[in-house]
Amino acid sequence: MSFNVQTMPATLDYPFEVEPQNGDGSAIEVAPGVLWFRMPLFASLPWINVWAIEEEGGWTIVDTGLKSAKTIDAWQAAFAGALGGAPVLRVVVTHMHPDHCGMAGWIAERFKVGLWMSRLEYLTCRLMAADTGRRAPDEGVEFYRAAGWDDSAINRYKAKFGSFGEMIYPLPASYRRISDGDILQLGAREWIVVVGTGHSPEHACLYCPELKLLISGDQVLPRISSNVSVHPTEPEADPLNDWLSSLATINQRVPGDVLVLPAHNSPFKGLHARVDELIESHRRGLARLEDFLSEPKRVVEVFSALFARPISPDLLGMATGEAIAHLNYLSGAGRATRESDSAGIWRWRKGGS
């Protein structure tokens with residue numbers, strides 16, 4: 001999923017005047033043999049783009065939407081309508097977030113086909129789903145208390161912990177691993193796996209040189225920026241450094257004239273301009289944050305330096321994770337330090353150790 005709203009660059013081109021309707025199973029052909037569907041999500045982020053690639057005798061599905069009755073209805077309409085009743089031959093998932101993999105197990109089970117996914121995404125998804133029904137771990141409570149959460153926010157975390165598994169249909173017990181640089185033969189064309197990190201552990205984008213297409217998932221989005229967060233499982237992680245490095249690598253490996261097929265918003269042209277803008281936007285955010293730390297700050301006190309909108313209770317977890325990602329980046333670069341007070345609350349200040 002995504003979080004940070006960014007300014008849309010004027011250099012991007014959105015070539016499609018007509019777009020598929022959300023959740024009705026309709027599709028738009030974005031290139032020969034490649035269909036664009038939209039599956040329903042939430043009120044704040046109403047849909048996700050998913051893709052179907054034509055093969056001999058059927059289709060490869062790339063990303064699947066969130067597990068819900070509405071998504072099942074949408075897929076039923078797609079199978080009978082735009083996909084012409086032809087079977088699904090494989091399911092490819094870019095990464096493990098529920099809006100991408102939530103229906104992968106259901107589709108794979110329905111058509112008795114394999115799931116193709118990178119190793120870290122598959123294993124991380126299985127691990128997180130295993131938390132369903134468990135109590136929130138003490139390490140998680142300590143992590144969010146250190147970030148400055150109050151008792152009310154901690155109680156919401158405890159109540160919601162383990163809900164990840166409720167948003168996905170169980171993944172198959174086995175899968176086909178895809179890795180960076182792999183060439184997938186999907187129908188008549190080759191698709192190159194380009195892995196990005198930071199937003200998720202091993203996010204697989206798919207690049208087709210012949211069609212000049214990049215299925216970018218959440219790694220590159222045109223109007224919003226991918227959420228890049230630190231989580232209680234790895235509190236010292238530096239995912240923002242990973243993500244920024246991945247963006248630079250994508251610009252090196254994928255030509256700028258591709259049509260980008262993102263998970264959210266609309267297909268666009270202008271990959272290199274958008275990547276450059278994302279990198280620069282985060283550099284500016286890091287500079288604002290560094291200046292903001294002239295006096296010691298708790299994590300919950302730095303939101304205004306990073307985010308253009310107020311942080312509601314529902315967004316607190318994502319905002320906290322992203323703020324810590326920026327703070328850890330500054331720390332790793334020697335531009336900020338962290339200290340804990342007697343109550344275990346973190347306070348960050350500008351400057352290296």
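Small disclaimer: the values here were computed from a predicted structure and weren't measured.

(A) Highlighting the overall build of the chain. Of regular secondary structure, the chain possesses 10 helices and 17 strands. Here the chain has a C-alpha radius of gyration of 20 Å; the compact-globule value for 353 residues is 20 Å, and the two agree. Expressed as lengths along the three principal axes of its C-alpha atoms, the size of the chain is roughly 65 × 45 × 35 Å. When each of the 353 residues of the chain is scored for burial, the buried share is 54%. Within the chain, residue pairs in contact and separated by at least 24 positions form 65% of the contacts whose partners lie at least 6 positions apart. Accessible area of the chain: about 15000 Å², with a carbon and sulfur share of 50%.

(B) Inspection of the packing of helix α5 (residues 138-146) against helix α6 (residues 151-160) at higher detail. Where α5 meets α6, the closest approach of the two axes is 10 Å, and the angle between their N-to-C directions is 150°. Relative to α6, the element α5 lies roughly antiparallel. Considering only the axes of α5 and α6, their crossing is right-handed. Between α5 and α6, the residues in contact are Gly140, Val141, Tyr144 and Arg145 and Asp151, Ile154, Tyr157 and Lys158, respectively. Here the residues of the contact of α5 with α6 sort into 4 nonpolar, 1 polar and 3 charged.

(C) Local environment of the packing of aromatic side chains. On inspection of all chains with the given rule, the structure shows 14 aromatic pairs. Residues tyrosine 144 and tryptophan 149 carry aromatic rings whose centres are separated by 4.0 Å and whose planes lie at 20° to one another, so their mutual orientation is stacked. There is no split in this pair, since tyrosine 144 and tryptophan 149 are both buried. Centroid distance phenylalanine 303 to phenylalanine 307: 5.9 Å. Interplanar angle 50°. Geometry classified as tilted. Owing to a relative accessible area of 10%, phenylalanine 303 belongs among the buried residues under this scheme. An aromatic cluster is built from Phe143, Tyr144, Trp149, Tyr157, Phe161 and Trp346, whose rings are joined through pairwise contacts. Across from the ring centre of tryptophan 116, 4.3 Å away, lies the NZ or CZ of arginine 176, which sits over that ring. Over the face of the ring belonging to tryptophan 346 we find arginine 338, whose NZ or CZ atom lies 4.3 Å from the ring centre.

(D) Examining the side chain of aspartate 63 more closely. Looking at the secondary structure, you find aspartate 63 in the loop between β5 (58-62) and α1 (69-80). The buried charged residue aspartate 63 lacks any salt bridge partner; its closest oppositely charged side chain belongs to arginine 38, at an N-O distance of 13 Å. If near-sequence neighbours (up to four positions away) are discounted, aspartate 63 is found in contact with Val50, Trp75, Val92, Val93, Thr94, His95 and His100.

(E) Main features of the pairing of strand β4 (residues 47-55). Taking burial as the measure, the 9 residues of β4 include 8 buried ones, the bulk of the element. Here strand β3 (residues 34-40) folds back onto β4, and the loop between the two strands holds 6 residues. Sheet topology note: the β4/β5 ladder contains 5 bridges and is antiparallel. Across the sheet, the residue bridging to isoleucine 53 is threonine 60, located in β5. What sits between the antiparallel neighbours β4 and β5 is a turn of 2 residues, in which glycine 57 has the positive phi angle 85°.

(F) A look at the pairing of strand β17 (residues 346-350). Two elements, strand β16 (residues 336-340) and β17, share 5 bridges in a ladder whose sense is antiparallel. Among the inter-strand pairings, alanine 336 is bridged to a residue of β17, identified as lysine 350. Adjacent in sequence and paired antiparallel, β16 and β17 are bridged by 5 residues, among which glycine 344 carries a positive phi angle near 85°.

(G) Highlighting the sheet that holds strand β2 (residues 28-31). Spatial ordering of the open sheet is given by β2-β3-β4-β5-β6-β7-β8, a layout of 7 strands whose pairing is mixed. A single partner strand is all that each edge strand has here, and the edge strands are β2 and β8 (176-177). Contacts between helix α3 (residues 104-111) and the sheet are confined to β6 (88-92) and β7 (114-117), with β6 contributing the most and set at about 160° to the helix.

(H) Inspection of helix α4 (residues 119-129) at higher detail. Restricting attention to buried positions, one finds in α4 the residues Glu121, Tyr122 and Cys125. For α4, the angular spread of the buried residues around the axis is 100°, confining them to a single face. Structurally, α4 contributes buried residues whose contacts are with α2 (98-101), β7 and β11 (203-208).

(I) Here's a closer look at the pattern of salt bridges. Under the criterion given, the structure shown has 16 salt bridges. A salt bridge links arginine 135 to aspartate 138, with the nearest nitrogen and oxygen atoms 3.4 Å apart. Take arginine 135: its relative accessible area is 61%, and that puts it in the exposed class. For arginine 298, the salt bridge is made with glutamate 301, and the minimal N-O distance between the two is 3.2 Å. Judged by its relative accessible area of 24%, arginine 298 falls in the partly exposed class. Owing to a relative accessible area of 32%, glutamate 301 belongs among the partly exposed residues under this scheme.

(J) Representation of the packing of α1 against α3 in the model. Look at α1 against α3: their axes get within 12 Å of each other, and the N-to-C directions meet at 40°. Considered as vectors, α1 and α3 are oriented oblique to each other. Like other packed secondary-structure pairs, α1 and α3 cross with a definite hand, here right-handed. Where α1 abuts α3, its residues Ile72, Trp75, Gln76 and Phe79 lie against Trp106, Ile107, Arg110 and Phe111.

Thresholds, definitions, all that
- Residues numbered from 1 in each chain as written.
- Predicted model: local features only at pLDDT ≥ 70, side-chain atom pairs only at ≥ 80, totals over all residues.
- Heavy atoms only, no water.
- Helix = DSSP H or I, 4+ residues; strand = E, 2+ residues; numbered from the N terminus.
- Rg over C-alpha atoms; globule rule 2.2 N^0.38 Å.
- Buried < 20%, exposed > 50% of the residue type's maximum accessible area, 1.4 Å probe, protein only.
- Contact = heavy atoms within 4.5 Å.
- Areas by Shrake-Rupley, 256 points an atom, 1.4 Å probe, with all protein chains shown as cover.
- Axes fitted to C-alpha atoms, helices over the stretch in contact; angles between N-to-C directions.
- Parallel < 35°, antiparallel > 145°, perpendicular 65-115°, else oblique.
- Left-handed = near helix turned anticlockwise from the far one by under 90°.
- Nonpolar A, V, L, I, M, F, W, Y, C, P; charged D, E, K, R; others polar.
- Phe/Tyr/Trp six-rings, centres within 6.5 Å; stacked < 30°, edge-to-face > 60°.
- Lys NZ or Arg CZ within 6 Å of the ring centre and 35° of its normal.
- Lys, Arg positive; Asp, Glu negative; His and termini not counted.
- Salt bridge = Lys/Arg side-chain N within 4 Å of Asp/Glu carboxyl O.
- Pairing = 2+ DSSP bridges.
- Arc of directions from axis to C-beta.

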